[in-house]
Amino acid sequence: MYSRLLLTGLVCALGLLSACALPRGAPTKGEVIGSDEQEYEDRNINVVEVTRSNISQIGDWPVTGWHGHYHWLAAQRGPQSNVIRPGDNLNLLIWDNSDNSLLTGVEQRNVEMPLIEVSASGTIFVPYVEDVRVAGLTVQEARKLLQDRLSNIAPSIQVQVALEEGMANSVDAVAGVATPGSYPLPNRNYTIRTLIAQAGGIDGDLENPIVRLSRGNSSYEIPADELFRSASKNIILRGGDQVIVEEDSRFFTLLGSAETEKIVYFPKETVSGLEAVSIAGGLQDTRANPQGLLVLREYPDSAVRADGSGPSKKYVVFVMNLTSADGLFAAKNFAIHPEDTVMATESALKPAQAVIAFLGTAFAITNVFN
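Owing to the predicted nature of the structure, the values given are computational and were not obtained by experimental measurement.

Note that strand β15 (residues 288-298) and strand β18 (residues 341-346) share five bridges and pair antiparallel. Within the sheet, the bridge partner assigned to Leu-293 lies in β18 and is Ala-344. In this structure, β15 lies alongside strand β16 (residues 315-320), joined through six bridges in antiparallel fashion. Paired with Leu-294 across the strands is Val-319, a residue of β16.

Following the criterion strictly, the structure yields six aromatic pairs and no others. Taken together, a centroid distance of 5.4 Å and an interplanar angle of 85° make the contact between Phe-252 and Phe-266 edge-to-face. With Phe-252 in strand β12 (residues 251-256) and Phe-266 in the loop between β13 (262-265) and β14 (271-272), this pair connects stretches of sequence that are 14 residues apart. Residue Phe-252 is classed as buried on the basis of its relative accessible area of 0%. Of the aromatic side chains, those joined through ring pairs into one cluster are Trp-61, Tyr-299, Phe-318 and Phe-334. Positioned above the aromatic ring of Trp-66 is the side chain of Arg-250, whose terminal nitrogen or guanidinium carbon lies 4.1 Å from the ring centre. In this arrangement the basic side chain of Arg-250 is found over the ring face of Phe-266, its NZ or CZ atom lying 4.2 Å from the centre.

The strand order β1-β16-β15-β18-β12-β13 describes an open sheet built from six strands, whose pairing is mixed. Lying at the two open borders of the sheet, with one neighbouring strand each, are β1 (45-49) and β13. Direction aside, neighbouring strands of the sheet carry axes that sit 25° apart on average.

Looking now at the nonpolar core. Grouped together as the largest cluster of nonpolar side chains are 28 residues, with contacts concentrated most on Val-50, Phe-252, Phe-318, Phe-334, Ile-336 and Val-342. Elements with a minimum of two residues in this core: α4 (55-59), β12, α8 (273-279), β15, β16, α9 (325-333) and β18. In terms of residue count, the dominant contributor to this core is β16 (three residues). Look past the residues within four positions of Phe-318 in its chain and what remains in contact with it is Val-48, Val-50, Ile-58, Trp-61, Leu-293, Leu-294, Val-295, Arg-297, Tyr-299 and Phe-334. Within the second largest apolar cluster, 23 residues are counted, among which are Leu-90, Val-132, Val-134 and Ala-142.

So, on to the confidence of the model for the protein. For the protein, the average pLDDT comes to 84, and 83% of its residues sit at 70 or higher. The weakest mean pLDDT in the protein belongs to helix α10 (residues 349-369) at 49; the strongest belongs to helix α6 (residues 192-198) at 97. Within the model, the stretch residues 16-20 combines pLDDT values under 50 with three contacts to residues more than four positions away or in other chains. The low-confidence segment residues 352-359 (pLDDT under 50) makes seven contacts with residues lying over four places distant or belonging to another chain.

So, about α9. Within α9 the residues assigned to the buried category are Gly-327, Ala-330 and Ala-331. The buried side chains of α9 occupy one side of the element, clustering within an arc of 100° when seen end-on. Relative to its buried face, α9 has exposed residues pointing more than 90 degrees away, namely Ala-325, Lys-332 and Asn-333. As for α9, its buried residues are in contact with α4, β14, α8 and β16.

Turning our eyes to something else, we now look at the environment of Ser-312. Mapped onto the secondary structure, Ser-312 falls in the loop between β15 and β16. With 265 residues separating them along the chain, Ser-312 and Val-47 place their C-alpha atoms 9.9 Å apart. Once you skip the residues sitting within four places of it in the chain, Ser-312 turns out to touch Asn-46, Val-304 and Arg-305. One polar contact links Ser-312 to Asn-46, side chain to side chain, over a distance of 3.1 Å.

In this section: empty space enclosed by the protein. This model, assessed by the stated rule, comprises one cavity of 30 Å³ or more. For the largest cavity, the calculated volume is near 40 Å³. Contributing to the lining of the largest cavity are Leu-254, Leu-255, Ala-258, Ala-276, Val-277, Ala-280, Leu-283, Leu-293, Val-342 and Ala-344. Looking at the lining of the largest cavity, the elements that each hand over two or more residues are β12, α8 and β18. Of the residues that constitute the lining of the largest cavity, the class distribution is 10 nonpolar, no polar and no charged.

The rules behind the values
Residues numbered from 1 in each chain as written. Predicted model: local features only at pLDDT ≥ 70, side-chain atom pairs only at ≥ 80, totals over all residues. Heavy atoms only, no water. Pairing = 2+ DSSP bridges. Helix = DSSP H or I, 4+ residues; strand = E, 2+ residues; numbered from the N terminus. Phe/Tyr/Trp six-rings, centres within 6.5 Å; stacked < 30°, edge-to-face > 60°. Buried < 20%, exposed > 50% of the residue type's maximum accessible area, 1.4 Å probe, protein only. Lys NZ or Arg CZ within 6 Å of the ring centre and 35° of its normal. Axes fitted to C-alpha atoms, helices over the stretch in contact; angles between N-to-C directions. Core = buried A, V, L, I, M, F, W, Y, C linked by side-chain atoms within 4.5 Å. Contact = heavy atoms within 4.5 Å. pLDDT = per-residue confidence, 0-100. Arc of directions from axis to C-beta. Polar contact = N/O pair within 3.5 Å; in protein donor to acceptor, adjacent residues only side chain to side chain. 1 Å grid on protein atoms, 1.4 Å probe; cavity = no way out; pocket = protein on both sides within 12 Å on 5 of 7 lines; lining within 4 Å. Points joined across faces, edges and corners; volume = space filled by probe spheres on them. Nonpolar A, V, L, I, M, F, W, Y, C, P; charged D, E, K, R; others polar.

Here it is in structure tokens:
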């Protein structure tokens, strides 16, 4: 009698449990993509199964969230000496042993002309020879030119030239380093890695730092790890360059039946679908549907194509099946874009399995009392 009452109570509890959905942390694959193709057509949504046969075509579709790659310069070696630039200052020391020198006074053998600023047009004014263009010359080339010009009025003249770099012969470490500031260029082989080292190195609090270079009206960027790993990326700086180190701002969102749900900043230049799952700590064994890893992406209107060279709809749901070799290889080569949403859907079978297990336990308990 007691066992019957217990069984009746368990069955009632089971009915209530079945009537109310078990607690879930994510939608199922069917709930997200459904089966009504016309509904998605009306809503401007396209569902794309990612396979090895179409992964190459998908990879050629326009990139969303950024321009698709880091843009950096090729390293080139420059000469050892600095060139003179507008804004620099030249210190001239002129020696003349002539008794009737036009440049030196009585009983003088030299005259000093300090802090002669190179004009915006690249010239300096020197008495008796007027404007002399020195921009673009090394210090030694400028000394020889000035001496040649002055020898017309004083054949025995000798000239010494010292350079004080102005802003055009310095570079700025703007942010993301221990000691931001302006740093003079000691020569024309001063590299970006040397600047970062002299500025105290990259701020240790920055995660996945990106090094950005502003040169004139152009901007370039590279992951710091790649800059320090590859000697070919260690470019020569020019006067006026500005260097900023900052965290990579690109991100994607992880949701659903993964081990973690969070906003993820890109740890490297590219992240694949499989790597996104790994970053999430994997799928939850008791909840996730490995056949329903979804990536939700919004394309600009200009990317929509009817010929297959782009998505056929503005909104695309990519579906990856991680239970087959084909799906795994496709997910390995599927590139996550910035601002994507990666959704690990929940298995529709897991709640049913929980109910079956519950029912089995109930009968096991009744048998104990029989």
